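Coordinates in review
Residues per chain, in single letters:
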Amino acid sequence: MAGSEARLFTIPLWRPFAHDLAAGLLDRFPDPLDLARVLVILPSRRAVRTLTDAFVALSDGKALLLPRMEPAGDMDIDEAPGGFLGRQDTLDDLLPEAPPLARRLILARILGGARPMTATEALMLADQMASALDTLDIEGRSLAEIDDIIPAESANHWERNRRILHRLHSDWPAILEARGWMSGAERRNRLLKQLAQRWSRTPPEHPVIMAGFASAPPAVAGLAAVVARLTKGMLIVPGLDTGLDDTSRKQIAQGLESHPQFALLRLLQLARLSPAEAVDWPFQARTAGSSPLRADLARALSLPSGNAGAVVAPTPADMIDAIHMVETAGVAEEALVIAIAMRQVIDHEGRRAALVTPDRALARRVQVQLRRFGIDIDDSAGVPLDKSGPGSLLVQLAEAAAERFAPIPLLGMLLHPLVQAGPERLVWLNRVRALDRLALRGLRPPAGLDGVTRRLSTAPAELRQWWTDEVVPILRPVETLPTDASTLIVCLREAASQLAGQTLWAGEAGHSLSALLERLAGHGEDLARLAVDQAEAAGFIAALLKAETVRPRWGRHPQLAVFGPLEARLQHADLVILGGMNEGSWPGTMAADAFLPPAVRRALDLPGVERRTGLQAHDFASALGAPELLITRPARLDGAPQVASRFWQRMVAVCGTPPDGDGPMVHGRALLAAARSLLQPSATIRLGQPAPAPPASARPRKLRVTEVAMLKADPFSFYARHMLKLLPLEQRDAEPTAGERGQVVHAILEDWFNDPSHDIEKLIDSRLAKLGDRPELSALWKPRVARMVQFAIDQFDHNHWQFVKAETDGAWTIGGVLLKGRADRVDRSRDGGLRIVDYKTGTLPTVKDIESCWETQLGLLGAMAGQGLLKGVAGGQIESLQYLKLAGGSSPGVTREALGQNSTPEGVQKHISEAVADLELLIAAYLLGDRPFLAKLHMVQGRRWRDYDLLARVAEWLGR
């Protein structure tokens, strides 16, 4: 029989909840058999594990009979309840739960039929719809209730989604009935209500304790109302503020959803319990807590607005003792600060530290930083399956196939850590690197596997054989992906399995992927109804895997842990670190909901942004109870300034930094200084300007006219290119460079001037085709090229100058050094004089640079032409040096004499003489002499050559 008085207890936030609960149960039930008959209902499986660990910690190594601990099933993480609900054969209309995966696929199909969208969009929208359905079921609402709610401020947007909801209102129940299923949340609600009714009529003979619930949906709160009134029942809640006055409680309960106590007060209200009935749990474990003053601090940090006018009393030093706050410059520095703090903990046996953060990127950074200390830990919040090793391989394989094996996605897939993970991996990696170097650099090869095969036609036979015999047979089946989603997954699974072998299925991530694929195979009919275009295959696979979370089965380190806020509830650690304390993380932003926007949530009293903020505020308040607390935030993220969390700002406002320097911000400076000392070198090494000076006998005896300016302004670049034989690697999947585009224009003009009968449009098409599979070039750049070519033809269509030769090479030996060059065009006047024309699709050299002999290319070509050293060009006097600027834009181009106003025959001859004399000095000093090859000898002119700046360590010796 149920008792007439409630038995409501609370464990204050400054005490370790699980340890005190375990200590109390051991004290109340000293007989192990009595303890074993106790049923403890906890919020989640994580809470069950936490309480189990607490019992073990208090057992002093002795064997224990533990109570029966069952999870109520956290609906936020789609967790099933434990077996305490008993048999369900008394409910005739209780059907099996609709499998979440099947529901997801069915909803995606329904949404895809409601309006045009891709399968990926339908799948992602199905997740939102499933979440909306769960929210409605959990809160005891239905689709029918929102059908007529049309927010005026979003009527146009809402009307479209309302039609989807209206269709779902009729279609979804019919689908469930046809398949013999029911909603999982509704099924849970019915089971909980059935149990509550049964216990109300016939109380259980064994003790029943509900513990650890900081919030609860109506069905769980209804069970709590019954348990709290059982003769052998108790309800034990965490962190209920018994020091709040009735006015504040009433104000919070009436709608202050962002307050940390709101969810607890709502739970008690739904359970028809008064907070005044709660008493402190009378048992304390020997595990150290903090101080009762922390509860006062939490209350001060969350004063309702009605009390905000009161002046907050100065915070006692004891209240903020062992609370540290660190504001770092960026996330990298923050991660190192946290890692150092956690590293210090393991020096003290028995102490534990836990990082609590909703920012998974920060969690990963901390894991990486801890590895510098030889510490490997898990993130208890887990990672989405698509970000795990096996899942990411499937996504990358789909992406490579969708991109027709373009260089970057192909390399990403072939270099995946799971591919050929074994004794042969080094051989595999060396072959992939050779493939990268010989086939995937520069312009994109033709689409598909055959395009890469053609690129390898001149590669070593061993590499070609590896590609054609080992790689192509694996990838050929996915080259053209099937549009049927079911067949697509089978196809990708087989290819990934051949690439990675059994490694694909190893570990927790491999097991999760295997289980998901097995479930997908069981729902093949629903999956097959989703049509997936090849271009969206990677996005579809990622969306399919993202819903699965891979969590570690146990922690790797006994003293350190990384938790998400949900996993951290009821946990205890000697040092708790709250990381990423910025708006957007603490509290997090709620994703836009297409089906339950804020106005609808308010109308139906559904959880919204404010209620989620209140739960995170409760998590923050609970963390304040840790014996030692470290709170961190980065001031900037990706270069952008960040807004400090409202919780952080409230801490600073309430605690401040006392004049004596004993505030929480001061305590964290030692950690920050330690992190910065690790990031900064202990000593600065000053390097001198590189000046290699090989003997004259080892120096090159060949030079091109285009390299003279490099040799003069940046000799080190010439040394690196011609003596060290270091050539810059081309980029992968590169766009045509300005130089390559200029070569195309040169080649078109050469073909035209040598044979004016060519069809210009066909000539342009054939040359552009050699730049690779680039449809955008034809669409965007072809018109510019056509204008360039036509402008060049028009400029030479007159009678004074006659065309002689295009793209002609020349060679000239000066002092034992062979000088080579190529003239773009050579013309001859009626008087026999010569004109050298240089095409430029980029910036023209200035007249000043030419007269100062920083640009001597045209002058040296003129010297060759005058002596008859250019092929097909008889010698003669050089009368003109000219640039033809080809732009192809609104201004198609311009013609300019190289020497400007000094472009007289006399001025041209003077410049040629000066260019030759300047070259002779360079040859004597650098190629025949022993002058050192200084880096950036002339900084202004040397900026043009940057390929070797890293090798020359320019930034270091310049003192930057």
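Throughout what follows, the structure given in this document is the object of discussion. Everything numeric here is computed off the predicted structure, so don't read it as measured data.

Structural notes on the overall build of the protein chain
The secondary structure content of the protein chain amounts to 40 helices and 21 strands. The C-alpha radius of gyration computed for the protein chain amounts to 38 Å, which surpasses the reference 30 Å derived for 960 residues by more than 25%, pointing to a less compact arrangement than a globule. Considering only C-alpha atoms, the protein chain reaches an extent of 125 × 70 × 60 Å along its principal axes. A buried classification covers 52% of the 960 residues belonging to the protein chain. Contacts spanning at least 24 positions in sequence make up 77% of the contacts within the protein chain whose residues lie at least 6 apart. Taken as a whole, the protein chain presents about 43,500 Å² of accessible surface, with 52% of it coming from carbon and sulfur. Charge separation in the protein chain, taken as the distance between the mean sites of 110 positive and 113 negative side-chain charges, equals 3 Å.

Describing helix α19 (residues 461-475)
Spanning 15 residues, α19 covers 20 Å between terminal C-alpha atoms, matching the ideal 21 Å at 1.5 Å per step. Within α19 the residues assigned to the buried category are L463, W466, W467, V471, V472, I474 and L475. The inward-facing, buried residues of α19 abut α15 (389-402), α16 (407-414), α17 (425-439), α18 (449-455) and α20 (485-500).

What about the nonpolar core?
Counting 99 residues, the largest nonpolar core has M413, W467, L475, F540 and I541 as the members making the most contacts within it. Broken down by element, this core gets its largest block of residues, ten residues, from helix α5 (residues 119-138). Those residues in contact with I541, other than ones at most four positions away along the chain, are L394, V395, A398, L488, I489 and L492. One finds L711, A823, A915 and A952 within the second-largest nonpolar core, a separate group that totals 52 residues.

Focus: unusual backbone geometry
Cis rather than trans, the peptide bond between W586 and P587 has omega equal to -10°. Positive phi values are uncommon outside glycine, yet A322 reaches one of about 70°. If you trace the backbone, A322 turns up in the loop between α12 (293-301) and β7 (323-328). Residue class for A322 comes out buried when judged on its relative accessible area of 18%. One non-glycine residue with positive phi stands out, namely K725, at about 55°. Looking at the element boundaries, K725 is found in the loop between α31 (715-722) and α32 (738-754).

What to know about the pairing of β7
Within β7, five of the six residues are buried, which leaves the element mostly enclosed by the surrounding structure. When β7 meets strand β13 (residues 628-634), the two strands line up parallel, connected through six bridges. Bridged to E327 within β13 is R633.

Here's the deal with the pairing of strand β5 (residues 233-238)
Among the six residues in β5, six count as buried, and that is most of the element. Burial along β5 is two-sided: G233, L235 and V237 facing one way and M234, I236 and P238 facing the other are all buried. In the sheet, strand β1 (residues 8-11) pairs with β5 via four bridges, with the strands oriented parallel. If you follow I11 over to β5, its bridge partner there is P238. The sheet contact formed by strand β4 (residues 208-211) and β5 spans four bridges and is parallel. Within β5, the position partnered with V208 by the bridge is G233. Note on the crossover from β4 through helix α9 (residues 218-227) to β5: the handedness is right-handed.

Thresholds applied
- Residues numbered from 1 in each chain as written.
- Predicted model: local features only at pLDDT ≥ 70, side-chain atom pairs only at ≥ 80, totals over all residues.
- Heavy atoms only, no water.
- Helix = DSSP H or I, 4+ residues; strand = E, 2+ residues; numbered from the N terminus.
- Rg over C-alpha atoms; globule rule 2.2 N^0.38 Å.
- Buried < 20%, exposed > 50% of the residue type's maximum accessible area, 1.4 Å probe, protein only.
- Contact = heavy atoms within 4.5 Å.
- Areas by Shrake-Rupley, 256 points an atom, 1.4 Å probe, with all protein chains shown as cover.
- Lys, Arg positive; Asp, Glu negative; His and termini not counted.
- Charge placed at Lys NZ, Arg CZ, Asp CG, Glu CD.
- Expected span 1.5 Å × (residues − 1).
- Core = buried A, V, L, I, M, F, W, Y, C linked by side-chain atoms within 4.5 Å.
- Pairing = 2+ DSSP bridges.
- Right-handed = clockwise from strand over helix to strand, strands pointing away.

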